[in-house]
Amino acid sequence: MNKPVPFLIGIIVLFLAACGNSESQTEDVSMDNPPEQPTVETDPVQEQTIESIVYYYFIESDGSDLPTGSVVVLPDILTLAPTQSGITCVSDPSVNISSALRAMIDDPHNEWTSSDLEISDVTFSEGHAVVELQGEIFGAGDIVLIASRMQILLTVFADASVHTAAVTLNGECIGNIGISHESEAMPADYTYTRTDIEGFIADDDPETQ
């Protein structure tokens, strides 16, 4: 038997109303109650120590309570000690060495003087540094010149990456600064080792350097 038309119209109206309510409920759920996002676990941030470039400078000291790593060149008069430059280390040792030398040259405590000392070139490979300096260094006596060359070498080796180094000033070995006779001269390519530099600190006697 065929159903009355009004009955069919009523069914259709109810169906459409149900569909409308379903869409409305879906929108409410997505807007007001968004699905929870999965929690991503992260490792705690580790505090990193920022290393500062170290160089050597002249300090005033009576010989007591010297900083670690100090070198007494002339007791109570000439003493070298390591200090922080405030310049952050980078991944390239040649840049760090150059920055350390620049800070050393500009230090106001230097006992020697120079108006034109410059860093011509610094290279580094497999633990070996080659440093080329240009200019003149002046000091009141050979002992100050000896102290200046020690200061330069100590500054180069303050970088822990350096195991050996050849350092020249105007094409000559830095060790020739302050020598009293040509027979003491070293070749331009003379290589200093970390053991040599540690000997400076242990010995503290400039006459044996």
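For the structure itself, consult the block above.
Small disclaimer: the values here were computed from a predicted structure and weren't measured.

Peer 1: Outline the overall build of the protein, listing residues and values.
Peer 2: Scanning the protein from N- to C-terminus turns up four helices and eight strands. Starting at the N terminus, the α and β elements of the protein follow one another as α-β-β-β-α-β-β-α-β-β-β-α. Evaluated residue by residue, the protein yields a buried proportion of 32% over its 209 residues. Of the contacts formed within the protein by residues at least 6 apart in sequence, a portion of 63% connects residues at least 24 apart. When the accessible area of the protein is evaluated, it comes to approximately 13,300 Å², of which 53% is carbon and sulfur surface.

Peer 1: Go over the side chain of N96 with me, naming the residues and quoting the values.
Peer 2: Structurally, the position occupied by N96 is in helix α2 (residues 93-106). In this structure N96 comes out as buried when scored by relative accessible area, which is 7%. Residues in contact with N96, not counting those within four places in the same chain, are I53, T88, C89, V90 and D159.

Peer 1: Describe the packing of α2 against helix α3 (residues 142-157), naming the residues involved and giving the relevant values.
Peer 2: Contact geometry of α2 with α3 gives a least axis separation of 9 Å together with a crossing angle of 145°. Seen from above, α2 lies across α3 with right-handed handedness. Contacts between α2 and α3 involve I97, A100, L101 and M104 from the former and Q151, I152, T155 and V156 from the latter. Residue classes in the contact of α2 with α3 are distributed as six nonpolar, two polar and no charged.

Peer 1: I'd love a proper account of the pattern of salt bridges, names of residues and values included.
Peer 2: Taken as a whole and judged by the stated rule, the model has two salt bridges. Here D106 ties to R102 by a salt bridge, and the two come within 3.2 Å at their closest N and O atoms. Taken together, the residues span about one helical turn, with D106 and R102 both in helix α2 at a distance of four residues. Among the salt bridges present, the one from R102 reaches E118, with a minimum N-O distance of 3.2 Å. One end of the pair, R102, is in helix α2; the other, E118, is in strand β4 (residues 118-125), with 16 residues separating them in the sequence.

Peer 1: A description of the sheet that holds strand β2 (residues 71-74) should follow, citing residues and the corresponding values.
Peer 2: With antiparallel pairing, the three strands of this open sheet are ordered in space as β1-β3-β2. Pairing within the sheet leaves two strands with one partner each, and these edge strands are β1 (52-59) and β2. Going across the sheet, the axis of each strand differs from the next one's by a mean of 35°, ignoring polarity. Relative to strand β3 (residues 78-88), β1 runs antiparallel, the two being bridged by seven bridges. By the bridge assignment, V54 is partnered in β3 with Q84. Packed on one face of the sheet, α2 meets β1 and β3 and runs near 30° to β1. Along the sheet, α3 contacts β1, β2 and β3; its crossing angle with β1, the most-contacted strand, is approximately 165°.

Conventions we followed
- Residues numbered from 1 in each chain as written.
- Predicted model: local features only at pLDDT ≥ 70, side-chain atom pairs only at ≥ 80, totals over all residues.
- Heavy atoms only, no water.
- Helix = DSSP H or I, 4+ residues; strand = E, 2+ residues; numbered from the N terminus.
- Buried < 20%, exposed > 50% of the residue type's maximum accessible area, 1.4 Å probe, protein only.
- Contact = heavy atoms within 4.5 Å.
- Areas by Shrake-Rupley, 256 points an atom, 1.4 Å probe, with all protein chains shown as cover.
- Axes fitted to C-alpha atoms, helices over the stretch in contact; angles between N-to-C directions.
- Left-handed = near helix turned anticlockwise from the far one by under 90°.
- Nonpolar A, V, L, I, M, F, W, Y, C, P; charged D, E, K, R; others polar.
- Salt bridge = Lys/Arg side-chain N within 4 Å of Asp/Glu carboxyl O.
- Pairing = 2+ DSSP bridges.

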